[in-house]
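# Topology and contacts: notes
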Amino acid sequence: MKESEQVSIETQAYILTVDIDAWQLDFGFGDKSEPVFSSNSPLLLYPEIVGAHLVEGSGQIEFSGYDPAGNPKLVVSATLGGSTEGRVTNTIFGLPDRLICNAEYLALSDHAVAHWVVAASGGKINADGVHAYVGQPHLETNGQVFGLDGVDISTASHNWSYFPVVPRVLLKRGLFSVCVGGTSLAHDFGMELKSGAGELEHWRFNYGGEKCPLELPGGRVHRGPRLQIQVTLNLTDDQAHGAFTQAMMDDGIVPEKKFKPEDDVWLRPWYCTWGDQFVMATEKLGTRNHPDHFNVTKENLTQEFVLAAAKKIREEGLNIGTIIIDEGWQDFRGDWNLLTEKFPDMRALVDELHAMDFKVALWWSPFHTEAGAKVLKHPEMLAGPSKHGYMWLDYTNPRVRDWMADKFELWFGNGPGQWDIDGIKLDYIAEKYYARPNPIDLDWYGEERALARVFEMVYKAIAKYKPSPYLWGQPFNPHHQQYFIACCSEESFLEYVTFMYSKVAMRDALCPGQRVTTHFNYHAHMQADYLRMMNRIDGIPQIGLLMTEQVTPEILSEMRELLDEYWG
């Protein structure tokens, strides 16, 4: 490569200056004002490899000319030293409104990498404030603004409010918004930013976690997240995040969600058995806090119950198009065998529901196992334990994928003995997915990778038999939205109604065009207000209660009118 002292990319929106001799990188606006951030490393993105480091003075820059659209390209590289030798390379593309950096490295020996660094320790950040989608409790999940005096945030892509998002941090500087984020499935747990009084301690992608660094073989090229820095002017925070997501779609990094005509069958309201199962257990035990409540909730689900609920829906003239058979049909999470004493003939049930003009979705948890499952006797099929003590099915093992493929053939196939199910409700995908430190198949390693691969696997399994594959789950992530008809809120309507409204801005910013639904509704007397709200946010309503004493004839009558008015 041709060595150079300093090279810049400059557009009307921003200017990037890389100075190899000074071992410095500055990013600011095109008016050459003080940089928004600067780093004491000439690379925008490099791996934090255990025992290795970038060799100072080894950096090189090459200006590689322009692409057909006239956008400049730089290649910046440096040498790895320490426990493993190698080379790190950043290919930087300067588009008019954003900068894109594709990073890769070659390490000659086996090694562990925990993070991808965006800005090195000792760098500077110069902004009015920082905005990020973070894992805050409920009402704050839609984003929070932090001052620069002691920023310590993580956009942990999986948080306890169930909204995995592509990691990004939004810097506010006057009328400008600078959105910095990752746009590939190479990231696993989000973007971390920690600084004090504007001086950076670290700004990085957490790539496997400090307690479980990703073990990688030497002698092959490893690629990092596609770093994107986008500058927008006079936009709100949500609009700036939305522009970031749209740019990923424009660049073909993630597919845009486009509903097909055959998807319309899924946009009618749904009925999920879990709400009734739950309330019936509470009525039986006298409290929802009984230690056996969860088991009784599952016991309430039977073939007869599902059929009775379906008949009531049609007898009452309720405009519901899908029935979700929730947890309780299976023996154990992890084994996924049908409890034939409760469901003596699943195919006969599905055929009868189809004849009543219902689509049928099955509850399934792709990773989670529980005590008693026979799969626990096969450690080669498991990863864990996680920090919460769970054992997970290990999809980095092709044997697990083949085993699940047989299940999918049984569930979605329409031949003799197969169930002919139409879709899947995914659960327990919001908790941290744990993979073994030495995965069998690296292409399946990591939280976001594993989720995306599982979604793709199930989607294709359904698509073999159904014109409109249906998945319903939790991740708000543009990488995943191609597989989902709707994304859910886990919260009940009565407790978190304002939280539901806050999701509209988040949905539109992160996954344009995606639908939202609630998991279930425990409060029958609130269902009319709930239906009006779901119409307001362009969501898919999910009816949870039909078979309990809470549901009076008056409630059913109002529900019928609203369902016909909004979704007729």
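Note that this is a predicted model, so its numbers are computed, not measured. Position numbers for residues start from 1 in each chain and track the written sequence from start to end. Two thresholds apply to this predicted model, a pLDDT of at least 70 for residue-level local features and 80 or more for giving and counting side-chain atom pairs, whereas whole-chain, interface and lining totals are computed over all residues. Only hydrogens and water are removed before side-chain values are computed, so all heavy atoms of the structure are retained for them.

## Considerations on the confidence of the model for the protein chain
- For the protein chain, the mean per-residue pLDDT works out to 87, and 89% of the residues sit at or above 70.
- As a per-residue measure, pLDDT reflects the predictor's confidence and takes values from 0 up to 100. Here, two residues are considered to be in contact whenever any of their heavy atoms come within 4.5 Å of each other. Here residues 135-142 scores under 50 on pLDDT; set against residues more than four positions off or in separate chains, the count is 24 contacts.
- Across residues 157-162 the pLDDT falls below 50, and counting only partners more than four positions away or on other chains, this stretch makes 29 contacts in the model.

## As for the pairing of strand β10 (residues 98-107)
- Residue exposure (1.4 Å probe, protein chains only): buried if accessible area is under 20% of the type maximum, exposed if over 50%, otherwise partly exposed. Numbering of helices and strands runs from the N terminus, with a helix taken as a DSSP run of H or I at least four residues long and a strand as a DSSP run of E at least two residues long. Most of β10 sits inside the fold, with seven of its 10 residues counted as buried.
- In this analysis, strands are considered paired if DSSP registers two or more bridges between them. Pairing geometry for strand β9 (residues 86-94) and β10, over nine bridges, is antiparallel. Bridge pairing in β10 places Gly94 opposite Leu99.
- With antiparallel pairing between neighbouring strands as the criterion, β9 and β10 make up a hairpin whose turn holds three residues.

## Structural notes on the packing of helix α4 (residues 303-315) against helix α5 (residues 346-355)
- Interaxial angles span 0 to 180 degrees and are taken between N-to-C directions of axes, which are lines fitted to C-alpha atoms, for helices over the stretch in contact. Where α4 meets α5, the closest approach of the two axes is 11 Å, and the angle between their N-to-C directions is 0°. If you check the angle between α4 and α5, you find them roughly parallel. Across from Gln303, Val306, Leu307, Ala310 and Lys311 in α4, the residues of α5 making contact are Met346, Leu349, Glu352 and Leu353.
- Along the lines of polarity and charge, the residues of the contact of α4 with α5 split into six nonpolar, one polar and two charged. Our angle categories are set so that under 35 degrees counts as roughly parallel, over 145 as roughly antiparallel, 65 to 115 as roughly perpendicular, and the remainder as oblique. Charged residues are taken to be Asp, Glu, Lys and Arg, nonpolar residues to be Ala, Val, Leu, Ile, Met, Phe, Trp, Tyr, Cys and Pro, and polar residues to be all remaining types, Gly included.

## A closer look at the packing of aromatic side chains
- Each pair of aromatic rings taken from Phe, Tyr and Trp, with Trp reduced to its six-membered ring, is defined by centres within 6.5 Å and is described as stacked if the planes are under 30 degrees apart, edge-to-face if over 60, and tilted in the remaining cases. For the structure on display, the rule yields 25 aromatic pairs.
- Ring geometry for Trp270 versus Tyr470: centroids 5.7 Å apart, planes at 75°, classification edge-to-face. Here the residue Trp270 occupies a position in strand β22 (residues 270-272), and Tyr470 occupies one in strand β28 (residues 470-473), the gap between them amounting to 200 residues. Tyr470 carries the same exposure label as Trp270, and that label is buried.
- Plain terms: the ring middles of Trp270 and Trp472 are 6.0 Å apart, the flat faces sit at 85° to each other, and that makes the pair edge-to-face. Taken together, the residues Trp270 in strand β22 and Trp472 in strand β28 connect sequence positions 202 residues apart.
- Here Trp472 falls in the buried class, since its relative accessible area comes to 1%.
- Linked through ring pairs, Trp329, Trp336, Trp363, Trp364, Phe408, Trp411, Phe412 and Trp419 together constitute an aromatic cluster.
- Working rule: Lys NZ or Arg CZ, within 6 Å of ring centre, within 35 degrees of ring normal, means a charge sits over the ring. In this structure, Arg314 packs its charged tip against the face of Phe358, placed 3.8 Å from the ring centre.
- Over the aromatic face of Phe259 sits the side chain of Arg515, whose NZ or CZ is 4.6 Å from the ring centroid.

## Digging into the sheet that holds β22
- Ordered by their spatial adjacency, eight strands build an open sheet running β30-β29-β28-β27-β24-β23-β22-β31, and the pairing between neighbours is parallel. Among the strands making up the open sheet, the edge pair consists of β30 (515-518) and β31 (542-543).
- Where helix α9 (residues 527-536) meets the sheet, it contacts β30 and β31, and its direction lies at approximately 170° from that of β30.

## Quick look at the nonpolar core
- Among buried residues, the Ala, Val, Leu, Ile, Met, Phe, Trp, Tyr and Cys ones that are joined through side-chain atoms within 4.5 Å form a nonpolar core. Ile325, Trp329, Trp364 and Trp411 are the most contacted members of the largest nonpolar core, which totals 92 residues.
- In this view, Trp329 contacts Leu301, Trp336, Asn337, Leu338, Leu339, Phe343, Met346, Leu362, Trp363, Trp411 and Trp419; residues no more than four positions away in its chain are not counted.
- The next biggest cluster of nonpolar side chains, apart from the first, holds 61 residues, and it includes Ile9, Phe29, Val151 and Val169.

## So, the pattern of salt bridges
- The working definition used for a salt bridge is a side-chain nitrogen of Lys or Arg within 4 Å of a carboxyl oxygen of Asp or Glu. Summed over the entire model, instances satisfying the criterion amount to 28 salt bridges.
- For Glu48, the salt bridge is made with Arg204, and the minimal N-O distance between the two is 3.6 Å. Of this pair, Glu48 sits in strand β5 (residues 46-49) while Arg204 sits in strand β19 (residues 199-206), placing them 156 residues apart in sequence.
- Between Arg226 and Asp251 there is a salt bridge, with the nearest N and O atoms lying 2.9 Å from each other. Taken together, the positions of Arg226 in strand β21 (residues 220-233) and Asp251 in the loop between α1 (237-250) and β22 put the pair 25 residues apart, joining distant regions of the chain.
- Look at Arg226 and you get buried, because its relative accessible area is 9%.
- Here Asp251 falls in the partly exposed class, since its relative accessible area comes to 28%.
- Sharing partners across several salt bridges, the network here consists of Asp97, Arg98, Arg226 and Asp251.

## Examining the pairing of β19
- β19 sits mainly inside the fold: six of its eight residues count as buried.
- Bridging between strand β18 (residues 191-196) and β19 involves six bridges; their strand directions are antiparallel. Across the sheet, the residue bridging to Gly196 is Glu199, located in β19.
- In this structure, the hairpin formed by β18 and β19 is closed by a connection of two residues, where Ala197 is found at a positive phi of approximately 55°.

## Examining the side chain of Asp19
- Relative to the assigned elements, Asp19 resides in strand β2 (residues 14-19).
- Although Asp19 lies buried, it forms no salt bridge, and the closest oppositely charged side chain, Arg87, sits 15 Å away as judged by the N-O distance.
- If we ignore the near neighbours within four places in the chain, the residues touching Asp19 are Glu5, Gln6 and Gln24. Charge counting follows a simple rule: Lys and Arg are positive, Asp and Glu are negative, and His as well as the terminal groups are ignored.

## Some details on helix α2 (residues 273-285)
- One less than the residue count of a helix, multiplied by 1.5 Å, gives the span that helix is expected to have. End to end, α2 covers 18 Å across 13 residues, agreeing with the expected 18 Å (1.5 Å per residue, within 8%).
- The inward-facing, buried residues of α2 contact β22, α3 (293-299), α4 and β23 (322-325).
- Within two residues after α2, Gly286 carries a phi angle of roughly 85°, on the positive side.

## Let's talk about the packing of α9 against helix α10 (residues 553-567)
- Contact pair α9 / α10: the axes reach a minimum separation of 9 Å and the direction vectors enclose 10°. By the angle between their directions, the pair α9 and α10 is classed as roughly parallel. Judged by residue contacts, Gln527, Ala528, Leu531, Arg532, Met534 and Asn535 of α9 engage Ile555, Glu558, Met559, Leu562, Leu563, Tyr566 and Trp567 from α10.
- The residue inventory of the contact of α9 with α10, partitioned by class, reads nine nonpolar, two polar and two charged.

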